[in-house]
Amino acid sequence: MDSKDIIETFEGSIIQHGSYNDRIYLIKLAPEASSITPRNLIDLARNNYYSKIFAKVPECHSDIFSAAGFEAEARIPTFYAGKMTAVLMGFYLNAERAEEPDLGKMDEILKIALEKQVIKSKCRLNDDFTSRICTEADIASMTDIYKIIFKSYPFPIHDPAYILETMKSHVDYFGIEANGQLVAVSSAEMDKQSSNVEMTDFATLPEWRGNGFAQCLLLQMEKAMKNKGIKTAYTIARAMSAGMNVTFSKTGYRFGGRLKNNTNISGNIESMNVWYKHLIG
């Protein structure tokens, strides 16, 4: 059930790749990256029979990827240190990977979400629930929730060792408690050097849905990230999930684009919507 893809350094850049997501994900481009980096990534993908490369790159480097056949799928303004735009680009080695049979439904969900966009939103938790940051003592409960909600996931959030490692390094986890038990969780994955954070890993146990937990978690996460000086928040949400797209739109996030057939989540490779928000400045 856990991700089998590996994270490693490639010519100074950080990538994740493997058959699980059937792709290469260029997470962080090396500052000294050369014009041949995109071609070398394509060669790596061909050698491993991957069907997609997903690259997140500073706008100033996007031309070398465009020249190699990459197409911009989404943009996040002020992603790098509150200044430079990130361009999220796709390269397809298999024509089927670029096809979206559910395009009509995804467009309908996006339209609904955009119609609900607001500037300010509030959390309406009743007194039976407590929202708080998670600690190491919560890890077993957190992974139990993730195992219930996600049949598959692009990163190994089902693994307690992974949660512990990331909790100690660069991820703050948040939860909502009912009767002394965690019933909903989420995470804020920080890139402090670039002053951005991915709001991700939202999961609510089925019997507790409908209480607005995701929005309350998101607002708590935003407050915590602002206090740490993080300038830009973003998420990569399932394009077929009306609930998560509406949650981000209602919390003032702007739509940045859609990543076609990008991520192995809940048992399938799915397209993902990008949403972003400027927290500071």
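Structure: above.
Residues numbered from 1 in each chain as written. Predicted model: local features only at pLDDT ≥ 70, side-chain atom pairs only at ≥ 80, totals over all residues. Heavy atoms only, no water.

With respect to the overall build of the protein chain
Across its full length, the protein chain carries seven helices and 13 strands. In terms of overall size, the protein chain behaves like a compact globule, its C-alpha atoms giving a radius of gyration of 18 Å where 281 residues would be expected to give roughly 19 Å. Once the C-alpha set of the protein chain is aligned to its principal axes, its extents read approximately 55 × 40 × 35 Å. A total of 281 residues make up the protein chain; the buried ones form 54% of that total. When the accessible surface of the protein chain is split by element, carbon and sulfur atoms take 50% of a total near 12,900 Å². (Helix = DSSP H or I, 4+ residues; strand = E, 2+ residues; numbered from the N terminus. Rg over C-alpha atoms; globule rule 2.2 N^0.38 Å. Buried < 20%, exposed > 50% of the residue type's maximum accessible area, 1.4 Å probe, protein only. Areas by Shrake-Rupley, 256 points an atom, 1.4 Å probe, with all protein chains shown as cover.)

Quick notes on the packing of helix H3 (residues 103-115) against helix H7 (residues 242-250)
Contact geometry of H3 with H7 gives a least axis separation of 8 Å together with a crossing angle of 30°. In terms of orientation, H3 and H7 fall into the roughly parallel class. The two elements H3 and H7 meet at a crossing, and its hand is right-handed. Contacts from Ile109, Ile112, Ala113 and Leu114 in H3 reach Ala242, Asn245, Val246 and Ser249 in H7. (Axes fitted to C-alpha atoms, helices over the stretch in contact; angles between N-to-C directions. Parallel < 35°, antiparallel > 145°, perpendicular 65-115°, else oblique. Left-handed = near helix turned anticlockwise from the far one by under 90°. Contact = heavy atoms within 4.5 Å.)

Focus on the pairing of strand E5 (residues 71-80)
For E5 and strand E6 (residues 84-92), the ladder comprises six bridges, and the chain directions are antiparallel. Among the inter-strand pairings, Tyr80 is bridged to a residue of E6, identified as Met84. (Pairing = 2+ DSSP bridges.)

Quick word on the state of the cysteines
One way to say it: the disulfide is the covalent bond shared by the sulfur atoms of two cysteines. Tallied over the full model, the rule gives one disulfide. In this structure Cys134 is not part of a disulfide, and its nearest cysteine sulfur, from Cys216, lies 15 Å away. (Disulfide = S-S within 2.5 Å.)

Structural notes on the packing of aromatic side chains
The final tally for this structure, using the stated rule, is 12 aromatic pairs. For the ring pair Phe255 and Trp275, a centre distance of 5.5 Å and an interplane angle of 65° mean the geometry is edge-to-face. Here Phe255 is found in strand E12 (residues 254-265), whereas its partner Trp275 is found in strand E13 (residues 268-278), with 20 residues between them in sequence. The class of Trp275 is buried, set by a relative accessible area of 0%. Members of the aromatic cluster, connected to one another through ring pairs, are Phe65, Phe70 and Phe91. (Phe/Tyr/Trp six-rings, centres within 6.5 Å; stacked < 30°, edge-to-face > 60°.)

Things to note about helix H5 (residues 160-169)
Structural remark: α-helix, 3.6 residues per turn; residues separated by three or four positions point the same way. Every buried residue of H5 is listed here: Tyr162, Ile163, Thr166 and Met167. One side of H5 carries all its buried residues, which in axial view fall inside an arc of 130°. With respect to the buried face of H5, the exposed residues turned more than 90 degrees away are Glu165 and Lys168. On its buried face, H5 is in contact with helix H4 (139-149) and strand E8 (171-178). (Arc of directions from axis to C-beta.)

What to know about unusual backbone geometry
Of note in this structure, Tyr49 is not a glycine but carries a positive phi near 60°. Residue classification places Tyr49 among the exposed residues on the basis of a relative accessible area of 73%. Not every positive phi belongs to a glycine, and Asn261 is a case in point at roughly 40°. Mapped onto the elements of the fold, Asn261 is located in strand E12. Residue class for Asn261 comes out buried when judged on its relative accessible area of 13%.

Examining the environment of Ala233
You can see Ala233 is positioned in strand E11 (residues 232-238). Exposure remark for Ala233: the relative accessible area of 0% places this residue in the buried category. Put simply, Ala233 and Ser35 are 198 residues apart on the chain and 29 Å apart in space, counted from C-alpha to C-alpha. In contact with Ala233, not counting residues within four places along its chain, are Val197, Met199, Tyr253, Trp275, Tyr276, Lys277 and Leu279.

As for the side chain of Ser186
Looking at the secondary structure, you find Ser186 in strand E9 (residues 181-191). Judged by its relative accessible area of 0%, Ser186 falls in the buried class. In this structure, Ser186 is in contact with Tyr146, Asp172, Tyr173, Phe174, Thr200, Asp201, Phe202, Leu217 and Met221, ignoring residues within four places of it in sequence.

Thoughts on the pattern of salt bridges
For the structure on display, the rule yields 12 salt bridges. In this structure, Arg132 and Asp138 form a salt bridge, with 2.9 Å as the shortest nitrogen-oxygen distance. Where Asp172 meets Lys228, a salt bridge forms, and the shortest distance between an N and an O atom there is 2.6 Å. Here Asp172 is found in strand E8, whereas its partner Lys228 is found in the loop between helix H6 (213-227) and E11, with 56 residues between them in sequence. For Lys228, a relative accessible area of 45% translates into the label partly exposed. Each of the salt bridges in this network shares a partner with another, and the network as a whole consists of Glu100, Asp107 and Arg258. (Salt bridge = Lys/Arg side-chain N within 4 Å of Asp/Glu carboxyl O.)

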